[in-house]
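# An overview of the molecular structure
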Amino acid sequence: MPTIEDRLRKRLIWMTSDEEMLKLARDSLPAEWSLTAALAVEDFDDWQEILLHRFLVLDLGDPAIDHSVIDEIRREHQLNIPIFCYGGSEEERLAARSARADRFFNQEEILQKLPEFLRQFSW
């Protein structure tokens with residue numbers, strides 16, 4: 001069972017196999033934040049571990065990720081964690097929008113928006 005300290009830690013999930021993008025994202029995080037890299041919901045011990053993160057960033061253009069992950073998080077596990085997507089085709093974005101992803105950006109924008117998200121979810 002997570003402790004209060006676990007629940008208060010500032011962390012986010014970034015779903016991509018792009019190591020360069022993960023490095024750029026990690027390098028832009030303040031010391032009090034941590035990034036959990038993942039490719040699927042199954043990378044977590046259970047769905048409750050996902051809720052210990054403040055938000056999720058998903059690379060829609062990554063063929064290593066099954067984009068049904070959004071539907072799995074929203075419908076199967078009924079989690080309301082914010083999901084921010086970047087990249088991908090218009091078709092992939094429409095599918096993600098239908099699965100109830102929250103916002104969409106291109107690859108350059110997501111790194112520019114990251115400080116804003118960190119402020120917004122630093123409660």
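Our subject is the structure that appears above.
In this text the structure is predicted, and so the values were computed from the model without any measurement.

## Some thoughts on the overall build of the protein
- Counting its secondary structure elements, the protein contains six helices and five strands.
- Overall, the protein shows an N-to-C arrangement of helices and strands of α-β-α-β-α-β-α-β-α-β-α.
- The C-alpha atoms of the protein give 14 Å as radius of gyration, which agrees with the globular expectation for 123 residues (14 Å, within 12%).
- Expressed along its principal axes, the backbone C-alpha trace of the protein runs to roughly 40 × 30 × 25 Å.
- The buried share of the protein, reckoned over its 123 residues, is 41%.
- Here the contacts in the protein between residues at least 6 apart in sequence split such that 60% fall between residues at least 24 apart.
- When the accessible surface of the protein is summed, it comes to about 7,000 Å², and 48% of that surface belongs to carbon and sulfur atoms.

## Remarks on the sheet that holds strand β1 (residues 10-15)
- In spatial order, the strands read β2-β1-β3-β4-β5; together these five strands make up an open sheet with parallel pairing. In this open sheet, the two edge strands, each paired with only one partner strand, are β2 (33-38) and β5 (103-105). The mean inter-strand angle of the sheet, taken between neighbouring strand axes irrespective of direction, is 25°.
- The pairing of β1 with β2 spans six bridges and is classified as parallel. Each residue of the ladder has a partner; that of Arg11, found in β2, is Ser34.
- On the sheet, helix α6 (residues 107-120) packs against β1, β2, β3 (55-59), β4 (83-86) and β5 and is oriented at approximately 130° with respect to β5.

Analysis parameters
- Residues numbered from 1 in each chain as written.
- Predicted model: local features only at pLDDT ≥ 70, side-chain atom pairs only at ≥ 80, totals over all residues.
- Heavy atoms only, no water.
- Helix = DSSP H or I, 4+ residues; strand = E, 2+ residues; numbered from the N terminus.
- Rg over C-alpha atoms; globule rule 2.2 N^0.38 Å.
- Buried < 20%, exposed > 50% of the residue type's maximum accessible area, 1.4 Å probe, protein only.
- Contact = heavy atoms within 4.5 Å.
- Areas by Shrake-Rupley, 256 points an atom, 1.4 Å probe, with all protein chains shown as cover.
- Pairing = 2+ DSSP bridges.
- Axes fitted to C-alpha atoms, helices over the stretch in contact; angles between N-to-C directions.

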